[in-house]
Amino acid sequence: MTVEAEFKPGLEDVPAAKSAVSFLDGKKARLEYRGIPVEVLAQQSNYEETAWLLIKGDLPTQKQLAEFDHDLRQRRAVHYRLKDLIRCMPADGHPMDALHASVAALGLFYPCPNVADPARNWDASMRLIAAMPTLVAAFARTRRGDEILDPRPDLDHAANFLYMLGGKEPTPAARKVFDACLVLHAEHQMNASTFTARVAGSALANPYQVIASAIGTLSGPLHGGANEEALEQFEGIGGPQNVKGWLDAKRAADPKYKVMGLGHRVYKVKDGRATVLQEIAEHMFAETARPKTYETALELERVAAGIYGPKGIYPNVDFYSGVVYQSLGIPTDVFTPIFAIARVAGWLAHWHEQLVNNRIYRPDQISVGKNDVPYVPLEQRP
Ligand SMILES: CC(C)(COP(=O)(O)OP(=O)(O)OC[C@H]1O[C@@H](n2cnc3c(N)ncnc32)[C@H](O)[C@@H]1OP(=O)(O)O)[C@@H](O)C(=O)NCCC(=O)NCCS
């Protein structure tokens, strides 16, 4: 029987698995994928290599990476009926809901019902990594009446997505920025969506259902959805000069008001990924005027540090990512699907790990309801 003293709301500090996929030290803002600092990977690696590293556990050889890259390119295209399905989705629906539904549907077209076969599991993993960008771009285009574009096998993972979304081959600089963003979002230890993936995986659900479940969790504004809300917040503030008045008014109306893009269960200092994203933003805006949203974000970080810093609440990864995506011309409601197309590598790494020595998750609860309640027939109820 679970005792009250053992109960931790939100399972704070409760280990949910033994994992070698990533390491996180929230006091030092240190995040490592399989032992390699994420900042190093963002600068020197690319998404394809990082995905292999996360799932397989070690950096690939040149031959392994070339084959993996080739296999991913082969799996980017999706069945024409899946594209028809996406065309039938409501144009005003949220792209995360569209992604959730289309990833589950991907499993109908390319099934992997038996997770006991490692070769099929690997094949499904590659298909998910390769095809999710196609699904996101397809919905983003078709809802505004644009033709769905076929993937370009001559472009790498990051460049192909930007092409499929915007219809133009990105500049090398935009490709590199977007690739670094994918690497930075690829994995983050035992967060809510990763835990969801492990729980679904522990029931031996198929990989498409595992990833669809994780996408559902990521869609929440306390998790992946915060990047959209953070950008909308900067736009709503309207400029750096309004930051202090805006925050004072919000806090006066609700002392517990949550500023989007700030705070983290694990980090008690500024999230290292936010620092890298800010450096990327600085680099991007070095030769152009800084957008008002970025100036607002900088001022909000400064003002918020004085108020929330003593509580260990600082910018998380979602604080600056939206500003960067916006400057790449990406629509706001596609930010969280982009988080998903990056994080799928981490989810899959945890899924593969979960299947080794798997035991289904079945936690306990503290029952606080009634017992032995008599059933009153409907006609006798007042
Ligand atoms: C990320 C988050 C969900 C973590 O939640 P958590 O670990 O459960 O932390 P709590 O919500 O219990 O917050 C702890 C304290 O910090 C405060 N706090 C946390 N995040 C805050 C924020 N963004 N703005 C203002 N105060 C915040 C809470 O009000 C609470 O204060 P209290 O101790 O006086 O009651 C939370 O910080 C949040 O909602 N942030 C905004 C959404 C966001 O950016 N999410 C992306 C995460 S990568």
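None of the values given here were measured: they were computed from a predicted structure.

Asks: Explanation requested: the packing of aromatic side chains in the structure shown.
Replies: Each aromatic ring pair is characterised by the separation of its centres together with the angle its planes make. Scanning the entire structure with this criterion turns up 12 aromatic pairs. Plain terms: the ring middles of Trp52 and Phe68 are 5.5 Å apart, the flat faces sit at 70° to each other, and that makes the pair edge-to-face. A residue pair is termed long-range when its members are at least 10 positions apart, and Trp52 in helix 2 (residues 47-56) and Phe68 in helix 3 (residues 62-74) qualify at 16 residues. Phe68 carries the same exposure label as Trp52, and that label is buried. Between Phe234 and Phe319, the aromatic rings sit 5.1 Å apart at their centres with planes inclined by 80°, giving edge-to-face as the arrangement. Taken as a pair, Phe234 in helix 11 (residues 226-237) and Phe319 in helix 15 (residues 318-327) lie far apart in primary sequence, 85 residues in all.

Asks: I keep staring at the pattern of salt bridges and nothing clicks. Help me out?
Replies: Two side chains bearing opposite charge may form a pair once their charged atoms approach each other closely. In total, this model carries 18 salt bridges according to the counting rule given. With a shortest N-O distance of 3.2 Å, Lys63 and Glu67 are connected by a salt bridge. One end of the pair is Lys63 and the other is Glu67, both in helix 3 and four residues apart, which spans about a single turn. One network of salt bridges, in which partners are shared, links Arg152, Asp154 and Glu169.

Asks: In this structure, what is going on with the domain arrangement of the protein chain? I would like to understand it.
Replies: In many reports, interface size means the accessible area that the parts give up when they come together. By the assigned domains, the protein chain splits into domain 1 (41-171 + 185-222 + 333-355) and domain 2 (226-327). Here the C-alpha centre of domain 2 lies 28 Å away from the C-alpha centre of domain 1. With 11 residues of domain 1 at the contact, the number on the domain 2 side is 16 residues. For the pair domain 1 and domain 2, the summed buried area comes to about 1,200 Å², and 59% of that belongs to carbon and sulfur atoms.

Asks: Would you mind going over the site of the ligand with me for this structure?
Replies: Around the ligand, the structure places 18 residues, and the nearest of them are Lys256, Lys258, Val259, Arg265 and Lys311. One of the side-chain N or O atoms of Arg265 is found 2.7 Å from an oxygen atom in the ligand. Against a free-state accessible area of 860 Å², the protein chains account for coverage of 73% of the ligand.

Asks: What is the right way to read the pairing of strand 1 (residues 22-25) from this model?
Replies: On a regular strand, each side chain points to the face opposite its neighbour's, so the side chains alternate between the two faces of the sheet. Only one face of strand 1 is covered, namely the face carrying Ser22 and Leu24; the face carrying Phe23 and Asp25 is uncovered. Relative to strand 2 (residues 30-33), strand 1 runs antiparallel, the two being bridged by four bridges. From the neighbouring strand, Ser22 faces strand 2, where its bridge partner is Tyr33.

Asks: Any chance you could explain helix 2 here in plain terms?
Replies: A turn of α-helix holds 3.6 residues, and therefore any two residues three or four places apart point the same way. Burial of helix 2 is extensive: nine of the 10 residues sit out of reach of the surface. Among the residues making up helix 2, those that are buried are Tyr47, Glu48, Glu49, Thr50, Ala51, Trp52, Leu53, Leu54 and Ile55. Between the side-chain oxygen at the start of helix 2 and the backbone nitrogen of Glu48 there is a gap of 3.4 Å, and the oxygen is on Asn46.

Asks: Is there a simple way to think about the packing of helix 7 (residues 157-166) against helix 8 (residues 172-184) in this case?
Replies: Two quantities define a packed helix pair, namely the angle between the helix axes and the distance between the axes. The contact between helix 7 and helix 8 brings their axes to 8 Å, and the two run at 110°. Of the possible angle classes, the one that applies to helix 7 and helix 8 is roughly perpendicular. Contact with helix 7, carried on its side by His157, Ala158, Ala159, Phe161 and Leu162, involves Ala174, Arg175, Phe178, Asp179 and Leu182 of helix 8 and no other residues of that element. Residue composition of the contact of helix 7 with helix 8, grouped by class: seven nonpolar, one polar and two charged.

Rules used in this analysis
Residues numbered from 1 in each chain as written. Predicted model: local features only at pLDDT ≥ 70, side-chain atom pairs only at ≥ 80, totals over all residues. Heavy atoms only, no water. Phe/Tyr/Trp six-rings, centres within 6.5 Å; stacked < 30°, edge-to-face > 60°. Helix = DSSP H or I, 4+ residues; strand = E, 2+ residues; numbered from the N terminus. Buried < 20%, exposed > 50% of the residue type's maximum accessible area, 1.4 Å probe, protein only. Salt bridge = Lys/Arg side-chain N within 4 Å of Asp/Glu carboxyl O. Domains from an automatic or database assignment. Contact = heavy atoms within 4.5 Å. Buried area = accessible area lost by both parts, 1.4 Å probe. Near = heavy atom within 4 Å. Polar contact = N/O pair within 3.5 Å; in protein donor to acceptor, adjacent residues only side chain to side chain. Areas by Shrake-Rupley, 256 points an atom, 1.4 Å probe, with all protein chains shown as cover. Pairing = 2+ DSSP bridges. Axes fitted to C-alpha atoms, helices over the stretch in contact; angles between N-to-C directions. Parallel < 35°, antiparallel > 145°, perpendicular 65-115°, else oblique. Nonpolar A, V, L, I, M, F, W, Y, C, P; charged D, E, K, R; others polar.

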